[in-house]
Amino acid sequence: AAVGGALAHAALGGAGARALGFCLRALGGAFDAPVEGVAWVGSASLAALQLGGPLGSALSRRYGPRPVVMAGGLLSALGLALGAVATTLSHLYLSVGLLAGLGWALIFTPSLAAIGLSVPAQRRPWATAGAVATGSLAGLAMASVLPVLLDTYGWRGALLVLAAISFHSVAAGALLRPLPLIPLQTPPATPGVAGLLRHGPFLRFAAAFTLLDAGYFVPLLHGEALAHDLGYGGYLAGLLVATIAALDGAGRLVAGWLAARPAASLLRQLFAWAVLTGSAMLLLPFATNFGVLVATAASYGFCAGAVVPLQFAGVAQVAGEGSLTEAIGLMQMFESFGSLLGPPLAGWLRDLTGNFTASFLTAGTLLLAGTLLLPTLPGFFLTARGAGGKEGASCPPPPWLRPPS
């Protein structure tokens, strides 16, 4: 039930988040705003999604994931609906950015934590990959549908349709399995957030993804505009974004499958996929024709998708399963700073230089810089399986999860 519910609302939440990239050019024209200004709408929603992670974790611990996810569906739908009647960009920052993003946080974080607590460790990467891959499939669908909605109903009508889609997360959240609640009088089994803030490997892992996210979301929000800048508008721009979405979903499934049958440690697999993602991003603005652009975008989408399930499986390995819910929320809070600043920085560079070359080069460089922290984690250089066929050593658990000596 947990995986089934996560599959459903990951698709619904993913559809809304990915659709914002299509709306940015229309919003810029409607409000006569620069690329940097409208980029804050998308980056604010992504940052609110991640910054609200600890809140989603805490509420899920107290009340269980089911009511929290259902409340998130209501908030995301309300934010998108209010955005449809916005008269200034400030209104969009608050509605589509803050409110809808917070709603998606209440959907996303408790769902992944529910999977992590319901699925055995050896199957967790595959289950996580299946859940997050549905967001890519929804993005593929929206890449085909949203241009038609924008042409037919305008950006206001498109946001109303997205609000209706997000509202279905309420029903999807009801599919989540209730988890045991933590009574108020019971002391926590771990120091939670306070302990994680003293756990060096977790802090390096979170810092790596803060830098990585500063570049990761740039193609998500600016890919359609990049296609237009390179002379491939309309249907071709939608095809480019659809290619990224389709290969993103495939990459998530393949990475989850490989992680469940490891030939190398999970952290090394994560490092390899992240390096390939950054390398592909650096090549995107230099495509010489549409075929090369699509091939490069497909490579980026596949590798970027592969990073996602390994990130959430990796945080369980780095922080320890006993702190999984808090670790996911805290990691997303750190990441929010990167995802908040990355797309507007790319938009500012586009306004400054007149094209997206510097934007994507900077994004790719930030992403690759984040990967340099992963080899510093304990267990990175150890083999996945020992000579006797047993699972090799990985990241040592944090001190509060170690048995007494």
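From a predicted model like this one, the values you see are computed outputs, not experimental measurements. (Residues numbered from 1 in each chain as written. Predicted model: local features only at pLDDT ≥ 70, side-chain atom pairs only at ≥ 80, totals over all residues. Heavy atoms only, no water.)

Student: Teacher, can you tell me more about the overall build of the protein here?
Tutor: Of the regular secondary structure elements, the protein holds 15 helices and zero strands. The burial tally for the protein puts 56% of its 405 residues in the buried class. If you take every contact in the protein between residues at least 6 apart in sequence, the share linking residues at least 24 apart comes to 84%. (Helix = DSSP H or I, 4+ residues; strand = E, 2+ residues; numbered from the N terminus. Buried < 20%, exposed > 50% of the residue type's maximum accessible area, 1.4 Å probe, protein only. Contact = heavy atoms within 4.5 Å.)

Student: Hey, could you run me through the environment of Thr 365 in this one?
Tutor: By the secondary structure assignment, Thr 365 is in helix 15 (residues 357-371). Owing to a relative accessible area of 48%, Thr 365 belongs among the partly exposed residues under this scheme. In this structure, the C-alpha to C-alpha distance between Thr 365 and Leu 212, residues 153 residues apart in sequence, is 9.1 Å.

Student: Would you explain helix 9 (residues 200-216) in this entry?
Tutor: Residue pairs spaced three or four apart in an α-helix point in one direction, given the helix's 3.6 residues per turn. Helix length check: helix 9 (17 residues) gives 24 Å between terminal C-alpha atoms against 24 Å at 1.5 Å per residue, within 8%. Within helix 9, twelve of the 17 residues are buried, which leaves the element mostly enclosed by the surrounding structure. Looking at helix 9, one finds that the buried residues are Pro 201, Phe 202, Phe 205, Ala 206, Ala 208, Phe 209, Thr 210, Leu 212, Asp 213, Ala 214, Gly 215 and Tyr 216. (Expected span 1.5 Å × (residues − 1).)

Student: Just checking my understanding: could you explain the side chain of Thr 371 for this structure?
Tutor: Within the fold, Thr 371 resides in helix 15. Aside from chain neighbours lying at most four places away, what touches Thr 371 is Phe 271, Ala 274 and Val 275.

Student: Could you clarify how one ought to interpret the pattern of salt bridges in this entry?
Tutor: If charged atoms from side chains of opposite charge come close, those side chains can pair. In total, this model carries three salt bridges according to the counting rule given. For Arg 350, the salt bridge goes to Asp 229, with nearest N and O atoms at 2.6 Å. Here the residue Arg 350 occupies a position in helix 14 (residues 324-353), and Asp 229 occupies one in helix 10 (residues 218-229), the gap between them amounting to 121 residues. Assessed through its relative accessible area of 34%, Asp 229 is described here as partly exposed. (Salt bridge = Lys/Arg side-chain N within 4 Å of Asp/Glu carboxyl O.)

Student: For this particular structure, what's the right way to read unusual backbone geometry?
Tutor: Leaving glycine aside, a negative phi is the common case for residues, and trans is the common case for peptide bonds. The backbone phi angle of Asp 32 is positive, close to 50 degrees, even though this residue is not glycine. Within the secondary structure, Asp 32 sits in the loop between helix 1 (2-31) and helix 2 (35-51).

Student: Can you walk me through the packing of helix 11 (residues 235-260) against helix 13 (residues 290-319) in this structure?
Tutor: Relative orientation and spacing of two packed helices are given, respectively, by the angle between their axes and the distance between those axes. Closest axis-to-axis distance for the helix 11/helix 13 pair is 6 Å, and the angle between their directions is 35 degrees. The element helix 11 and its partner helix 13 pack so that their crossing is right-handed. Along the lines of polarity and charge, the residues of the contact of helix 11 with helix 13 split into 21 nonpolar, five polar and two charged. (Axes fitted to C-alpha atoms, helices over the stretch in contact; angles between N-to-C directions. Left-handed = near helix turned anticlockwise from the far one by under 90°. Nonpolar A, V, L, I, M, F, W, Y, C, P; charged D, E, K, R; others polar.)

Student: Would you explain the environment of Gly 301 in this entry?
Tutor: Along the polypeptide, Gly 301 turns up in helix 13. Using a relative accessible area of 0% as the deciding quantity, one classes Gly 301 as buried. C-alpha separation for the pair Gly 301 and Arg 252, spaced 49 residues apart in sequence, amounts to 9.7 Å. What Gly 301 contacts, discounting residues up to four positions off in sequence, is Ile 244, Leu 247 and Asp 248.

Student: Looking at this structure, I do not really get the confidence of the model for the protein. What am I missing?
Tutor: Caution is warranted with low-pLDDT regions, since their predicted coordinates should not be read in detail. Taken as a whole, the protein shows an average pLDDT of 81; of its residues, 79% reach a score of 70 or greater. For the protein, helix 1 is the element with the lowest average pLDDT, namely 69, and helix 15 is the one with the highest, namely 96. Scored below 50 in pLDDT, residues 181-189 shows seven contacts in the model against residues more than four places distant or in partner chains. Below a pLDDT of 50 lies the segment residues 385-405, which in the model reaches 39 contacts outside its immediate sequence neighbourhood of four places, other chains included. (pLDDT = per-residue confidence, 0-100.)

Student: So what exactly am I meant to see when it comes to the packing of aromatic side chains here?
Tutor: Centre-to-centre distance and the angle between the planes together describe a pair of aromatic rings. Taken as a whole, this structure holds seven aromatic pairs when the rule is applied. A ring pair is formed by Tyr 232 and Phe 290, whose centres lie 5.0 Å apart and whose planes are at 55 degrees; its orientation type is tilted. Taken as a pair, Tyr 232 in the loop between helix 10 and helix 11 and Phe 290 in helix 13 lie far apart in primary sequence, 58 residues in all. In terms of burial, Tyr 232 and Phe 290 fall into one category: buried. Between Phe 356 and Phe 360 the ring centres are 6.1 Å apart and the planes differ by 85 degrees, which places this aromatic pair in the edge-to-face class. According to the relative accessible area criterion, Phe 356 is buried, its value standing at 2%. Across the ring face of Tyr 63, the terminal group of Arg 62 is positioned such that the distance to the ring centre comes to 5.3 Å. (Phe/Tyr/Trp six-rings, centres within 6.5 Å; stacked < 30°, edge-to-face > 60°. Lys NZ or Arg CZ within 6 Å of the ring centre and 35° of its normal.)

Student: I keep staring at the nonpolar core and nothing clicks. Help me out?
Tutor: One recurring pattern in soluble globular proteins: nonpolar side chains tend to sit buried together. The biggest cluster of nonpolar side chains holds 92 residues, and the ones touching the most others in it are Leu 27, Leu 92, Leu 146, Phe 202 and Phe 205. The dominant element in this core, judged by the number of residues it contributes, is helix 13, at 16 residues. Here this core gathers at least three residues from each of two domains, domain 1 (1-177) and domain 2 (193-379). When neighbours within four sequence positions are excluded, Phe 205 is seen to be in contact with Leu 267, Leu 270, Gln 311, Gly 314, Val 315, Val 318, Met 331, Leu 374 and Leu 377. (Core = buried A, V, L, I, M, F, W, Y, C linked by side-chain atoms within 4.5 Å. Domains from an automatic or database assignment.)

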